Amino acid sequence: MMVAVMQGEMEETENTTVRPKVTDAKGILKQTREFLDYFWDIAKPERDIRLKAIEDLIDHLKQSDKADELMYSLKRLVDGLSHTREDARSGYSVALAQLLSVFEEISLKSTLDCVKQKHNLQTAKKKFIRSAAFGNFFGVLALSQSTRLHKEPQVMLECVQLLQSLSQYREHLKDLPRKTMVDILSETSKDVFEEVLLSALQSDLTSALQTPEQLELLLVALHKFPSVLKPKKLKKILGTTAVITKENMPKLVEVLKMAARSVKKENVLPPVALDLLQASLREDNFEMFWADAIIRGMMSEMPGPTHYLSFRLLAASLPLLSITQLEFVLSGDVMRHYGEHILSAQLPDRFKFAPEMETYVCEFMQGCPDADKQLAVILSFTQLTNQGYPVVPSYWKVLEHMVPAALEQYVEWLMEAFCKPQLDKCLDFSTRRQKGNQESGPEGDSCVARFRKWIIPRLTFILENHQIKKREDLVMKMARFIFFHGFFVVKKPTSEVPETAQAFSVPIDQQTRATLSAAFYGLLQGLNTKPVLGDSPEVEGLNPRRNLGVKADGTMWIYCLVQYAAMLLNQSKNVQSIQTFSSEQRQGWDSMLESVEALMKKAKKSSSPEHTAFQHLFLIIGIQMFKAPEESLELLNDLRTCMEKAQAKKSKKKKASGKGSDEEPHWVEVVVEILLSLLSQPSRLIRCVCKAVFNRICPHLTQGALSSILSVLDPNKDEDESGVGVTDEKDKKRKQKEEEDLDDEEEEEEDDKEEDEEGSDSSDDDDDDDDEAMEEGGEVDQNFRLELMKVLQGQNALATEEDRSEDEDLDDAAMMKLDGSLSSLFLEQKNRIQAKKDEKDRISKEKVLVRDFKIKVLDMVEMFLNKQGSSALVLGMVEPLLSVIENGMSSETSQQEQDYLRKAADIFRNRLCRGKYYCREVDGREAELHEMFERLIGRAQKLTDSSVCLYYFSAALYLLKVLRGVVSGKQGSTNAPSEAKFMGKVDVERVTTCFRNALTSFMMRRKSPFTGAMFSDLFIRFPVLCVNLLDIAVENITGGLREHQQGQACVMVLQALQSKEVKNLMSDVQITELHQKVADQLTNSFENVQCKNKTVHEKMVKALELCQYLVKTVHQQKMQVKLELLQNILKSMNAEGILQKPGKLEDTYWNVMRLFGILKPKMEKVKKVVEEKQTEENTKKKKGFLPETKKRKNRKKPVVLEGKETPASTETPEGASGQGKKKNKKKKNKKRKQQGGEETQDQPATKKTKTQPEQKKKKKKGGQQGDDGK
């Protein structure tokens, strides 16, 4: 193609010359552009493009049936095998393989000859050797992938020989030729190998123990053709009848080390290692190979590639070994070194092999259905311990693939190991640091405790993980085991309690028991959310989301555990509870069981979620008695009291009205009141309990229950009315204690007085305390001052004006009495100050408790919105949440208050207004919602904070979304009925009036809480309201109170004009009139405008952006809009050329003027450049020249004698000789110095004073400048 173009150009320029003959040896000129593009795409880096081009090329060649295209494709693909890019080489190789596979008429022999000829290694230059080597290799690779190579043995032999010759270019090809030989060998038949390839591969097979590639070739041949390579034949090749022998072991170890180093960066297992292991299994020498080659050979090296190869080989060998071999491998030094690696890899920036090992073991577990093998592998990893603690994590995903039979055996082993740990059977190790720190070795009891602490989370992981398949009896067995050993001690083994059969070889310490207790209460949450277990059709038919925390028969898991706990409490002869219950506590436990039984009977008669919720609440609180009996007993009493009150209310209402069922409180309201009373307790445990129960009753919540929740959040109510009722009894107890303390203090005061009267020396200490009290109390109040004056005057200790110097009028008795009075007075003041401080602390603590309680209630609100976001009850949350946000914005700024406000705002914004599901059933509530909407807009106008106003405005938009409902797909209509249908049940006129007043308030008030972004959001979400409010926005382009409001009006109008929905709601005439109004408003806005400040500047930018869109739309749609006045006023804005500077305002202005056909004039920058050059020449220092003030002629002037003058041109001989060397330079730059002219001559006299200090500084450095002339 380039030749053709050049010929065309030559024809135009030289008509007389004779054109040379064009040769097209490759046939490029005969091919079409579409055909040539295939080859370009084959060389692209993207894999999908390459594969698509290969497929298209083959299809094209099939359909064309042109021999020249086929031959051209063959030559082009062979040429591309030596491409400089790797992706291109592989693309051409795959394409050539496909071509040879489809078109069998192409001879493999000729293709191989073509490859050898094109990429001749003998004639290639040195810099092209690498490309030629790759060309030969990818050519052979294409032949081997064509699936035809095994049909032509001679060609296969030539390919193998060529690959053998390529092995000398290892720096370029690495081990690719050997791998290709292995691939060819694996696809070769026995006859071809024996007759053709064996003789060719004789040299490689003989030197098999030298390189990993040659050894792999031998191992593949042994595996593929065992009948050919018999022991006798193998003895001729290797010198031994087997590969795995004592004689070959050192060489095999060296080959494995070479293979490990070769894959150091790839982090993979070399194939030769796995082939060697398989060969050892075939030759029945696996133990010798593992012990000599791996343990004593590879593991003797320092940690590095050889260790990682051993770890990978261990993991990859798991599916190939028997149980005996698995135990042999997994209990040796390789596993011990693996454990040491896990501990050392915990440091940062260390290579971690554990994820890779986990992947290997997971693959083994998935592909091995044998339960015994699975159990052997899991037990081996469990028994790899570091001073008693297993190195594998308790939460191991490998267990998800265990079959049920192996899992049950493993759980039995864990329980037995917990009771009787056999650490001598574990593969235990210690690091060097641990050995140095503990020379005597760790104590056995500490190792047992470490082992038990690992077993506990392993059991809980198995129990809680839903991916592990297990039966119900196994789950119950593990839960009972953890509960029993966490809270009970065995007195005497009994068959009724299977957990007592296992006696502890080492007693459980207190810390391990605490771990068991914490694990049990942690798994309770997992049991409450566990789906139904089993594979029966009945279980599969249940809803997995609703049936949580129950067994297949419907019994709750926690009820089964409570029954087990009750049975243990009744077995006092055989077992003993660690937590001793008092008679009152035991009575509370029994009454809890009775209440649960009664509720279960009611549930059998009439199934109701009320009974389930109460059962769940009783059971969770009851089971907590083993952890906190006093607190749980109080909660159970509170729960029982609330239920009794609810039943009393029901009975009273039934007596008052015969049909009182409609007026009696709903069961959900009773449960919510109980939950609120429980949440007032500062307990994390109770918070989890209430959250679990409320999660169950969310679908059944009523308006009354929701109102009781929201009343807690009401900031207008006092703290006493906020729902904190359970803490009142504690407050009474605390007040009683305070009164008792005060009585004790009064008694102590009386004792102090008696001691003072006896003449004790305690007054000094009291005075010190009084001073501290005075310091804490701050300024002394007036009452205390008056009382002090009275005491002093009563004892005549107050000095008067007449007698100021007499200080010793009082005798010792009077002084003692005065000291006692003062001591009692100051003590009272101290108590009074302390009481005020205590009261202040009490109030602050109560505030913290109340705020924490309200945060817990917000959790309930958030949970309800997540579960029941589409419920109609959600609408009642809008105003309470807004009041919380508004009150929080103006309240104190403590961290807890900020967290509370942030949580409320997040719930309102993300869970309510932006929730995925919202209420769509508003039948009969239209008037109520419109009134709420008016209240929200009215309240928003009265606010002063824009951030609070934003939440009110968002709430109003949320109500509009609820009233509108689901937006229909077709929104293009112009008549009024379609607009009403589009807006659903919204009263458009009523809503428009509210927004009209709000928009007018925003435009006309100086400090309005509204922002332009609020109305922009309104215009986007509700185009119908945008059309109704557009006239106000257009009017305020010029009618806005300030430039900011005018600019925001421009933004709103621009947004409306760009909206397709707004255009669909207006007719063509209305759109034209709107554009004309906007043009007139913009014309008035641009008159007499001066960009005095930033606000005016921003307003002008927004107005010009609106003007640009307006003019562009009018010109494109050819509207009948008059723009002459607008054009003239825009021209007058740049009359003085003030809008020619770079900037957003100027750029937008000229974008508008370009639409009118007026371009921005080009600035003449030539003169400025010339002037800048002149100034640079004058001001810039000449490179290589000194300033005039520092030249030698100014510093080397002769000494002027008194009364004599010396001419400026005279110089001393030294000066003349000193400057003689620089005469040539001065002559060259003479013209440049003349530009200074007379200025340079006068300059030394004027700058003499400035040069003097510089000369002094230079003299200090060595005085070199003064001696230059010498």
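The preceding data block contains the structure.
This section reports on the structure supplied with the text. All values derive from a computational prediction rather than experimental measurement.

### Focus on the packing of helix H23 (residues 404–419) against helix H26 (residues 472–487)
Where H23 contacts H26, the two axes come as close as 11 Å, and the packing angle between them is 10 degrees. Judged by the inter-axis angle, H23 sits roughly parallel to H26. Contacts between H23 and H26 involve Leu407, Glu408, Val411, Glu412, Met415, Phe418 and Cys419 from the former and Leu474, Lys477, Met478, Phe481 and His485 from the latter. Among the residues forming the contact of H23 with H26, the class breakdown is eight nonpolar, one polar and three charged.

### Examining the nonpolar core
Residues Phe626, Phe995, Phe1086 and Leu1130 are the most contacted members of the largest nonpolar core, which totals 349 residues. In this structure Phe995 touches Phe933, Ile937, Phe953, Leu957, Leu960, Phe1015, Leu1018, Leu1025 and Leu1029, once residues within four positions along its chain are discounted. Grouped together as the second largest cluster of nonpolar side chains are six residues, Phe784, Leu792, Leu818 and Phe826 included.

### Quick look at helix H11 (residues 190–200)
Residues separated by three or four positions in an α-helix point in the same direction, a consequence of the helix having 3.6 residues per turn. For H11, the full list of buried residues reads Val192, Phe193, Val196, Leu197, Leu198 and Ala200. Summarising the contacts, the buried residues of H11 are in contact with helix H8 (153–166), helix H10 (176–186), helix H12 (202–206), helix H13 (212–224) and helix H14 (231–238).

### Here's the deal with unusual backbone geometry
With a phi close to 60 degrees, Asn267 is a non-glycine residue in the positive phi region. Looking at where Asn267 falls in the secondary structure, it is placed in the loop between helix H15 (249–262) and helix H16 (271–282). With a phi angle near 55 degrees, Lys1118 is a residue other than glycine that sits in the positive phi range. Locating Lys1118 in the fold gives a position in the loop between helix H51 (1094–1117) and helix H52 (1124–1133). Owing to a relative accessible area of 70%, Lys1118 belongs among the exposed residues under this scheme.

### A look at a negative patch on the surface
There is a patch of like negative charges on the surface, built from Glu46, Asp48, Glu86 and Asp87. Turning to its location among the elements, Glu46 is positioned in the loop between helix H2 (33–42) and helix H3 (47–64). Relative accessible area serves as the criterion here: at 41%, Glu46 is assigned to the partly exposed category.

### Observations regarding a positive patch on the surface
Taken together, the side chains of Lys190, Lys230, Lys232 and Lys236 define a basic patch exposed on the protein surface. For Lys190, the location among the structural elements is in helix H11.

### Side note on the packing of helix H39 (residues 812–867) against helix H41 (residues 895–913)
One way to put it is that H39 packs onto H41 with a least axis distance of 10 Å and a crossing angle of 15 degrees. One way to sum up the angle between H39 and H41 is to call them roughly parallel. Every pair of crossing elements has a handedness; the one defined by H39 and H41 is left-handed. On H41, the residues that touch Lys847, Val848, Arg851, Asp852, Lys854, Ile855, Leu858, Asp859, Val861, Glu862, Leu865 and Asn866 of H39 are Gln896, Glu897, Tyr900, Lys903, Ala904, Ile907, Arg911 and Leu912. Class assignment for the residues of the contact of H39 with H41 results in nine nonpolar, two polar and nine charged.

### Topic: helix H22 (residues 371–382)
In this model, H22 (12 residues) spans 16 Å end to end at C-alpha, consistent with the 16 Å of a helix rising 1.5 Å per residue. Among the 12 residues of H22, 11 are classified as buried, and the element is accordingly described as predominantly covered. Every buried residue belonging to H22 is among Ala371, Lys373, Gln374, Leu375, Ala376, Val377, Ile378, Leu379, Ser380, Phe381 and Thr382, and all of these are buried. Where H22 starts, the residue carrying a side-chain oxygen 3.1 Å from the main-chain nitrogen of Asp372 turns out to be Asp370.

Conventions adopted
Residues numbered from 1 in each chain as written. Predicted model: local features only at pLDDT ≥ 70, side-chain atom pairs only at ≥ 80, totals over all residues. Heavy atoms only, no water. Axes fitted to C-alpha atoms, helices over the stretch in contact; angles between N-to-C directions. Helix = DSSP H or I, 4+ residues; strand = E, 2+ residues; numbered from the N terminus. Parallel < 35°, antiparallel > 145°, perpendicular 65-115°, else oblique. Contact = heavy atoms within 4.5 Å. Nonpolar A, V, L, I, M, F, W, Y, C, P; charged D, E, K, R; others polar. Core = buried A, V, L, I, M, F, W, Y, C linked by side-chain atoms within 4.5 Å. Buried < 20%, exposed > 50% of the residue type's maximum accessible area, 1.4 Å probe, protein only. Patch = residues over 30% accessible without salt bridge, like charges linked within 9 Å, V, L, I, M, F, W, Y side chains within 5 Å. Areas by Shrake-Rupley, 256 points an atom, 1.4 Å probe, with all protein chains shown as cover. Salt bridge = Lys/Arg side-chain N within 4 Å of Asp/Glu carboxyl O. Lys, Arg positive; Asp, Glu negative; His and termini not counted. Charge placed at Lys NZ, Arg CZ, Asp CG, Glu CD. Left-handed = near helix turned anticlockwise from the far one by under 90°. Expected span 1.5 Å × (residues − 1). Polar contact = N/O pair within 3.5 Å; in protein donor to acceptor, adjacent residues only side chain to side chain.

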